Amino acid sequence: MSNRPASAQSRTAWDTGYGDSIHNDTDEAYMAPTRSAKSSTSQMVTSAADLKKSGGAGAFQSFLKGIRSLWATRQTEETNTNRELYVKTTLRELIVYIVFLVILCVITFGMTSTTMYYFTNVMQSLFLETPWNDSNQDGNFKNLGSVEDFWDFAKGPLLDSLYMETNYNNESLPEDELGYIYYENKLLGVPRIRQLRVHNNSCKVHEDFQSFISECYDSYAESIEDKEPFGEYLSEKNSTAWRYFSEDELHGSSHWGMLNTYSGAGSYVDLGTRKDPSTDIITHLFDKLWIRRGTRAVFIDFTVYNANINLFCVVRLLAEFPATGGVIPSWTFRTVKLIRYVSVGDYFILACEVIFCLFILYYMVEEILEIKKHKLSYFKSFWNILDIVVIIISIVCIGFNIYRTLEVNDKLTALLKNPDVYSDFERLSYWETRFSNAIAIAVFMAWIKIFKYISFNKTMTQLSSTLGRCAKDLAGFFVMFIIIFLAFTQLGYLLFGTQVEDFSSFENSFFCLFRIILGDFDFHQLEQANRILGPIFFMLFVFFVFFVLINMFLAIINDTYSEVKSDMANAKNEFEIADYFKKGYEKMLDKLNFKRDKIVDIQKALRTADINQDKQLDFDEWRQDLKSRGYADGEIEAMFSKYDCDGDRVLDEEEQKRMQADLADQKAALNKEYEDLNGKGDRPGTGRRSSSRASFNEGDSGDDSDDEDSGTKSSRTGRTSNGVSYEEFTVLSRRVDRMEHSIGSIVSKIDAVLVKLEAMEKAKLKRRETMGKILDSITESDGTSDEVKREQMEKLVREELERWDSETSVGVHSARGASPGGGSGQSGLRPRSRAESGDPKDNHMTSSL
């Protein structure tokens, strides 16, 4: 007891509750070993002291290890041999990835809304479906068929829609309300009309017609654009309508139309901010024949902004004038959110975007670590390629988001300085649309990637297993299918391309046949195009492709799926996620039971440890009682010192009451927590764990209970001290105590065996001495007769045998009385036979054993 620390010095060792860890202050309790095996505990304390000296380095190592664990994945950790680590890592990856996916979805849904569709729909209805006169309701931009129709649209619905200067009661609007479309959408800058032309003789006239056809204007191509001034350029030198400007001069961009892809160059004219000047401009262009034979495309561009919903609508109306004559209209309405951060919700999206950037950095580090570990084999996995694609798309989108914000600010600043010029948002809106498409692809891939984290369940791998197993069969089928399908595509294009719109080009024919597979077809169009070949083509295609090839495809999938299903029926999941959560739930219950049982033991110790019934519990009584229950010295010291406030090594009545009150409160809290987890009722396993703490004096049966107890408690989690959890420390201490007891018993038995071996050796020597006496007696009686010699020998032998028999009976009785097993519980006692007493007779008796 002299080496034990004072209570005041170790009072804080138990300040976190009985179910928590033991602090390092209690290590000093192990410095007073009482048996030989205690030296191992002292060595453990010495090792702990050494670790404390290197605490700084250890803390830094732990910090680095913690940072490194943030990027722990199934590909960076050794999870092949540890299924629990495998599922823990998978769950951690899945949870982190779900957070990332939620952030990504919040960002994407914050970029778009149903309002965008209605805004686009309103603008399309206004500019595409408004007729230019009441008598002809079909006369709108969608149904343009000639140059005259285009001018009717330009002088009527276009100007009326762009410049709404009167209210619905025909009253003029005030000055500050002008420049709005539908009274809500502000027209930014002024509209622009631009045309592209091809020069004369851009194609070659056949020699038979050269005599009376002098001009030839080919279909549009950028190489044959007419870059020379035309029309009234001499009289209107300052007008841009009659001169050609390159794409760089106009800061324009190319456009993919119905017939061709057009450059951003051409001749242009900007309309005014009011209706009357704009009407004069349109009328002047009409009168001076601005659209001529060489004209191949006319663009009408403008941008509107709705402040109510913070959306831009960038409009481009295109009238293509093919070399065949007539007009083919097309249009583009891009509703985009160029000003991203206005409302509170927008700033919430900004916060999510910042978190998204952090996630991208996190996954970049993760992929770099995986590439560093697996080298080129990393790129063999489909999921790894998917990760790289998502990261690349995300980085590009982040870069464009920054560019778009800066570019919009510049354009709006220039527009506010000069609101009467054309404001070109076409290119920016185009890339904003591409940005939205890229984000959509990233979201799609991100959702698909969830299969990577749920692939440990056999049900979730049926799709990938089926496709993987039938990949070769599908590849062979695809070759056969594409040959037949392309043959029918070419046949349809050649047979009906001149009469049926769906077969007017090879691309249209290709997609039309796919629609026929899905049941979307117009048989009467084919029949009208060719009354014989049309029905034959349709029936052959339906028979070979629909009835034969498609059913072959389904048969391949069905057969492979049946095989996969059969194999998986007998297979076992790599790791049942339900089992993992069940195991964690049981661990939590075990931990609660463990804490509760400790409190019960301490409460019993308070009632039974006071042997002299003086209502004063000293430390010796406390230690003896808890030691019999299997607790270690450090733990006993910590529990006692917490409540020994005065440091006198005695718990008085008041201190005992305070301990009982604290124990009752902790027990009630544990009971409530247990009931919340598992409902009300008895706690399974409590009796088993309590019995496992029986005193080590019960014998070897305690070892079995300790093994069982260690099987549950050693795996429990708890706050650790020097890397060992409290529960593991308690179990190990208990096992060390029992090991000391067992070693004492074994040593006693070994001593008994050594004594027996020593006695046997002495018995051999005694027999030799006896035989020597007999021989000496025979030698000394040379003068006697043979009969006398025989009688003397018989007498000596008989006496010796009687002596041996008597010594044998006495020795056996003595050996039984000194059996080592009977005193195994007395440490330090070594029962020995009388052979060690030094008495020759006793030695001779012991030799009979």
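Along each chain, the written sequence defines residue order, and numbers are assigned to residues from 1. Reporting in this predicted model follows two pLDDT cut-offs: at least 70 for local features of residues, and 80 or more for side-chain atom pairs to be given and counted; totals over whole chains, interfaces and linings ignore these cut-offs and use all residues. The side-chain values count all of the structure's non-hydrogen atoms but skip hydrogen atoms and water molecules.

Asker: Looking at this structure, how should I read the confidence of the model for the chain?
Answerer: Residues at a pLDDT of 70 or more form 76% of the chain, whose mean pLDDT is 77. Within the model, pLDDT remains below 50 along residues 1-53, and this stretch shows 109 contacts once partners closer than five positions in the same chain are excluded. Confidence scores per residue from the predictor, reported as pLDDT, run from 0 to 100. Contact between two residues is taken to exist if any of their heavy atoms lie within 4.5 Å; hydrogens are not considered.

Asker: What is the right way to read the nonpolar core from this model?
Answerer: Buried Ala, Val, Leu, Ile, Met, Phe, Trp, Tyr and Cys residues that are joined via side-chain atoms within 4.5 Å together make up what is termed a nonpolar core. Burial classes: relative accessible area under 20% of the type maximum marks a residue as buried, over 50% as exposed, and values in between as partly exposed (1.4 Å probe, protein chains only). Counting 42 residues, the largest nonpolar core has F127, F150, L162, I181, W290, F302 and L317 as the members making the most contacts within it. Within the residue set of this core, elements represented by two or more residues are α4 (114-128), α5 (147-162), β2 (185-197), α7 (275-287), β6 (295-306) and β7 (311-320). If one sorts the elements of this core by residue count, α5 sits on top with 7 residues. If we ignore the near neighbours within four places in the chain, the residues touching F302 are F127, L162, I181, L187, P191, C313, V314 and V315. Only DSSP runs of H or I reaching four residues or more are called helices, and only runs of E reaching two or more are called strands; each is numbered from the N terminus.

Asker: Can you walk me through the pairing of strand β8 (residues 328-336) in this structure?
Answerer: Two faces belong to every sheet, and in a regular strand the side chains alternate between them. Counting buried positions along β8 gives 7 out of 9 residues, so the element sits mostly inside the fold. Sheet analysis places β7 next to β8, joined by 9 bridges and oriented antiparallel. The residue of β8 that forms the bridge with F312 is V336. Think of it this way: DSSP has to see at least two bridges between two strands before they count as a pair.

Asker: Explanation requested: the side chain of R194 in the structure shown.
Answerer: Along the chain, R194 turns up in strand β2. The side chain of R194 sits in the buried core without any salt bridge; D301 is the nearest counter-charge, 4.5 Å away. A polar contact of 3.2 Å, which involves the side chain of R194, links it to the backbone oxygen of S263. Within the structure, the side chain of R194 is placed 2.6 Å from the backbone oxygen of A265, a separation counted as a polar contact. Look past the residues within four positions of R194 in its chain and what remains in contact with it is L250, S263, G264, A265, S267, Y268, W290, A297, V298, F299 and R316. Lys and Arg are tallied as positive, Asp and Glu as negative. Neither His nor the chain termini are counted. Salt bridge, as applied in this entry: a Lys or Arg side-chain nitrogen positioned within 4 Å of an Asp or Glu carboxyl oxygen. Counting of polar contacts relies on pairs of N or O atoms within 3.5 Å, with two restrictions inside protein: one atom must be capable of donating a hydrogen and the other of accepting it, and residues adjacent in sequence are counted only when both atoms are side-chain atoms.

Asker: Looking at this structure, how should I read the packing of aromatic side chains?
Answerer: When we look at a pair of aromatic rings, we describe it by the centre distance and by the angle of the planes. Side-chain rings of Phe, Tyr and Trp (the six-membered ring for Trp) are treated as a pair once their centres are within 6.5 Å; stacked means planes under 30 degrees apart, edge-to-face means over 60, and tilted covers the remaining angles. Scanning the entire structure with this criterion turns up 45 aromatic pairs. Of the aromatic side chains, those joined through ring pairs into one cluster are F477, F481, F485, F488, F496, F503, F510, F511, F514, F537, F541 and F553. Two conditions define a charge sitting above a ring: the NZ of Lys or the CZ of Arg must be within 6 Å of the ring centre, and it must be within 35 degrees of the ring normal. Stacked on the ring of Y268, the Lys or Arg R192 has its end atom at 4.1 Å from the ring centre.

Asker: Explain the UniProt feature "binding site: Ca(2+)" (unreviewed entry) in the chain here, please?
Answerer: UniProt positions are given in the numbering used here, feature names are shortened, and annotations may be inferred rather than shown by experiment. In the numbering adopted here, UniProt assigns the feature "binding site: Ca(2+)" (unreviewed entry) to D644, D646, D648 and E655. Of note, D644 is situated in the loop between α19 (633-643) and β10 (650-651). Look at D644 and you get buried, because its relative accessible area is 0%. For D648, the location among the structural elements is in the loop between α19 and β10. Take D648: its relative accessible area is 40%, and that puts it in the partly exposed class.

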